Amino acid sequence: MTTASDSTVRDPDVLRADMVRALRDQDGITSEPVAAAFAAVPRHRFAPDAPLELAYDLHRTVPVKKDEHGLDISVMSAAHLQAVMLEQADIEPGMRVLEIGSGGYNAALIQELVGGDGAVTTVDIDRDIIDRARLCLDDAGYGQVKTVLADGETGVPDGAPYDRIIVTAAAWVIPTSWISGLTAKGRLVVPLTMCGTTRSIAFDRDDDGLISRSYGLARFVPMQGEGAAEERKAMLRDGVALQTDDVRVPLNAQALNHALDTPRLERWSGAAYELPDELELYLTLNLSSAARLHADKDAVEHGLVEASALYGVPALVSEDSIAYRTRRENEDTGGFESGVIAHGPQAEALAEEYVHVLRRWAQDHRRRGAATFRYLPGAAPTPLPRDAVRRRHGIVTVAWN
Ligand SMILES: C[S@@+](CC[C@H](N)C(=O)[O-])C[C@H]1O[C@@H](n2cnc3c(N)ncnc32)[C@H](O)[C@@H]1O
């Protein structure tokens with residue numbers, strides 16, 4: 001828990017001041033305007049049913065609505081992530097801002113940032129959510145924020161062009177309306193999902209497309225509607241699954257399940273295991289045939305799959321073989337060394353490629369912010385370049401510095 005140290009203090013103003021201090025300490029808030037916005041908006045008024053400590057926790061989301069399987073489809077996002085994205089957005093007084101995915105709180109923060117001369121529109125696909133957001137915004141004194149019920153895929157043309165568009169659901173596509181809906185110097189901040197891993201990317205307009213200025217790890221509920229992800233999943237066995245959005249990756253559940261029963265091959269890279277989120281992004285985008293391997297606690301405790309797969313790990317897959325990252329303590333240098341576990345007839349070849357990619361990252365790209373993303377709308381070239389990720393309306397390319 002990252003709220004007031006004295007748990008008997010339940011005054012929301014005290015909890016909010018503590019939250020702002022902690023967000024600064026943890027580099028969520030890095031500017032005065034964002035600090036002032038977080039200090040001004042009564043976060044608990046947008047989570048009236050949640051315990052105050054949860055509402056003011058830095059890293060936990062507040063559940064708002066679940067689907068029929070009990071999975072979150074709407075939450076109040078964690079304060080730390082909201083702060084990071086607002087810093088990425090670099091909002092100035094007087095701007096016009098569109099938020100896609102509502103709840104009310106983030107829109108109120110944005111209203112504080114744009115001030116009386118600016119305009120904020122927030123759109124949600126779900127009537128329950130937009131009605132709830134409207135009530136909370138009015139209750140907290142943000143009646144000027146405009147709420148719209150629609151699929152954010154089409155943007156909100158009435159109000160465009162926007163200086164900023166901030167997306168708060170995990171997006172798989174970047175619809176053309178988000179680009180055309182921006183001013184020439186406009187910025188789009190979007191949690192973009194690539195092969196099961198999501199990064200909040202701040203894109204500026206660049207000719208007909210977009211170029212990234214910053215990115216960071218993000219976790220969001222999935223986008224619904226027209227832009228919902230085209231992901232493929234394969235259940236290898238109870239508690240072990242693979243997912244990918246790359247049509248070129250073979251997902252032969254039966255053969256890969258069989259591979260898991262064959263003896264494991266272990267290879268060590270000699271490279272330090274550091275900056276896990278940056279390494280994960282590099283692996284996801286540079287393995288020649290990448291999927292994401294997920295395993296539950298049982299599968300890990302039975303020794304079938306390494307613990308690295310508990311929260312999902314980039315895997316290299318072929319028709320009948322699989323390799324994925326693991327780590328071990330490095331007794332000589334301290335910290336960890338990254339390595340590979342591989343199974344199946346092609347285990348040797350897959351492990352070799354995987355280790356090569358681990359070493360290349362460690363030698364050439366081991367730092368924060370090494371990737372620059374470009375989004376190019378329009379038909380994807382064939383064959384698709386190696387560094388490109390295909391999307392419904394265009395391609396994402398990634399350059400590593
Ligand atoms: C994480 S919540 C938004 C949190 C909110 N911005 C806040 O202030 O904390 C994500 C929201 O995106 C909405 N959503 C999902 N797909 C959408 C779409 N295609 N268009 C608009 N909203 C969408 C969901 O209904 C959900 O309420």
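Residues numbered from 1 in each chain as written. Predicted model: local features only at pLDDT ≥ 70, side-chain atom pairs only at ≥ 80, totals over all residues. Heavy atoms only, no water.

Engineer: Run through the site of the ligand, naming residues and quoting values.
Structural biologist: What surrounds the ligand is a group of 26 residues, the closest being S74, D124, D151, G152 and Q224. Note that an oxygen atom of the ligand is positioned 3.2 Å from one of the side-chain N or O atoms of Q82. Side-chain polar atom of E99 to a nitrogen atom of the ligand: 2.9 Å apart, as the coordinates give it. Coverage of the ligand by the protein chains reaches 99% of its 600 Å² of free accessible surface. Residue assignment for the shell around the ligand shows that the elements contributing at least two residues are strand 2 (72–76), helix 5 (105–114) and strand 4 (119–124). If one sorts the elements of the shell around the ligand by residue count, strand 2 sits on top with four residues. (Near = heavy atom within 4 Å. Polar contact = N/O pair within 3.5 Å; in protein donor to acceptor, adjacent residues only side chain to side chain. Areas by Shrake-Rupley, 256 points an atom, 1.4 Å probe, with all protein chains shown as cover. Helix = DSSP H or I, 4+ residues; strand = E, 2+ residues; numbered from the N terminus.)

Engineer: Account for unusual backbone geometry, with residues named and values stated.
Structural biologist: Here the amide bond leading from A160 into P161 is cis, since omega sits at 0 degrees, within 30 degrees of zero. Mapping P161 onto the fold places it in the loop between strand 5 (146–149) and strand 6 (162–167). The backbone of D27 sits at a positive phi, close to 60 degrees, despite the residue not being glycine. Checked against the element boundaries, D27 lands in the loop between helix 1 (12–25) and helix 2 (32–40). Positive phi values are uncommon outside glycine, yet D90 reaches one of about 50 degrees.

Engineer: Any chance you could break down the environment of G227 for me, citing the residues and the numbers?
Structural biologist: Structurally, G227 can be placed in the loop between strand 9 (209–217) and strand 10 (232–237). According to the relative accessible area criterion, G227 is buried, its value standing at 3%. For G227, the contacting residues outside a window of four places in its chain are E153, W172, V173 and R392. (Buried < 20%, exposed > 50% of the residue type's maximum accessible area, 1.4 Å probe, protein only. Contact = heavy atoms within 4.5 Å.)

Engineer: Would you mind going over the domain arrangement of the protein in detail, with residue names and values included?
Structural biologist: According to the domain assignment, the protein consists of domain 1 (63–221) and domain 2 (232–365). Summarising the inter-unit geometry, the C-alpha centres of domain 1 and domain 2 are found 33 Å apart. Contacts between domain 1 and domain 2 engage nine residues on the former and twelve residues on the latter. Linking domain 1 with domain 2 are one salt bridge, by the criterion used here. The salt bridge partner of E280 is R199, with a shortest N-O separation of 3.2 Å. The interface formed by domain 1 and domain 2 contains six residue pairs in polar contact (both at pLDDT 80 or more). Of all the elements in the fold, those that place two or more residues in the side of domain 1 that touches domain 2 are strand 7 (182–194), strand 8 (197–206) and strand 9. Partitioning the side of domain 1 that touches domain 2 into residue classes produces five nonpolar, three polar and one charged. (Domains from an automatic or database assignment. Salt bridge = Lys/Arg side-chain N within 4 Å of Asp/Glu carboxyl O. Nonpolar A, V, L, I, M, F, W, Y, C, P; charged D, E, K, R; others polar.)

Engineer: Got a sec to walk through the pattern of salt bridges? Specific residues and values, please.
Structural biologist: Evaluated as defined, the whole model comprises 25 salt bridges. A salt bridge links D206 to R374, with the shortest nitrogen-to-oxygen separation between them at 2.5 Å. With D206 in strand 8 and R374 in strand 17 (residues 371–377), this pair connects stretches of sequence that are 168 residues apart. Here R374 falls in the partly exposed class, since its relative accessible area comes to 35%. As a salt-bridge pair, R328 and E337 come within 3.0 Å of each other at their nearest N and O atoms. Residue classification places E337 among the buried positions, given a relative accessible area of 9%. Members of the salt-bridge network, linked through shared partners, are K65, D126 and D128.

Engineer: How would you summarise a negative patch on the surface if you had to cite specific residues and measurements?
Structural biologist: Taken together, the side chains of D238, D296, D298 and E301 define an acidic patch exposed on the protein surface. For D296, the position within the fold is in the loop between strand 13 (290–295) and helix 10 (297–301). Residue D296 is classed as partly exposed on the basis of its relative accessible area of 34%. (Patch = residues over 30% accessible without salt bridge, like charges linked within 9 Å, V, L, I, M, F, W, Y side chains within 5 Å. Lys, Arg positive; Asp, Glu negative; His and termini not counted. Charge placed at Lys NZ, Arg CZ, Asp CG, Glu CD.)

Engineer: Report on helix 2, specifying residues and quantitative values.
Structural biologist: Burial in helix 2 covers these residues: V34, A35, A37 and F38. Axial view of helix 2: buried residues confined to an arc of 160 degrees, hence all on one face. (Arc of directions from axis to C-beta.)

Engineer: Could you give an account of the packing of aromatic side chains, with specific residues and numbers?
Structural biologist: A full pass over the atoms with the stated rule returns four aromatic pairs. Each ring, one from F38 and one from Y105, has its centre 6.2 Å from the other, and the planes form 70 degrees; the classification is edge-to-face. Within this pair, whereas F38 is found in helix 2, its partner Y105 is found in helix 5, the two being separated by 67 residues in sequence. For the pair F38 and Y105, a shared accessibility class is recorded, and that class is buried. Ring geometry for Y282 and W400: centres 4.7 Å apart, planes at 80 degrees, overall edge-to-face. With Y282 in helix 9 (residues 276–286) and W400 in strand 19 (residues 394–400), this residue pair connects regions lying 118 residues apart in the sequence. Classification of Y282 as buried rests on a relative accessible area of 2%. Judged by its relative accessible area of 17%, W400 is buried. Every member of this aromatic cluster is reached through a ring pair, and the members are F38, F46 and Y105. (Phe/Tyr/Trp six-rings, centres within 6.5 Å; stacked < 30°, edge-to-face > 60°.)

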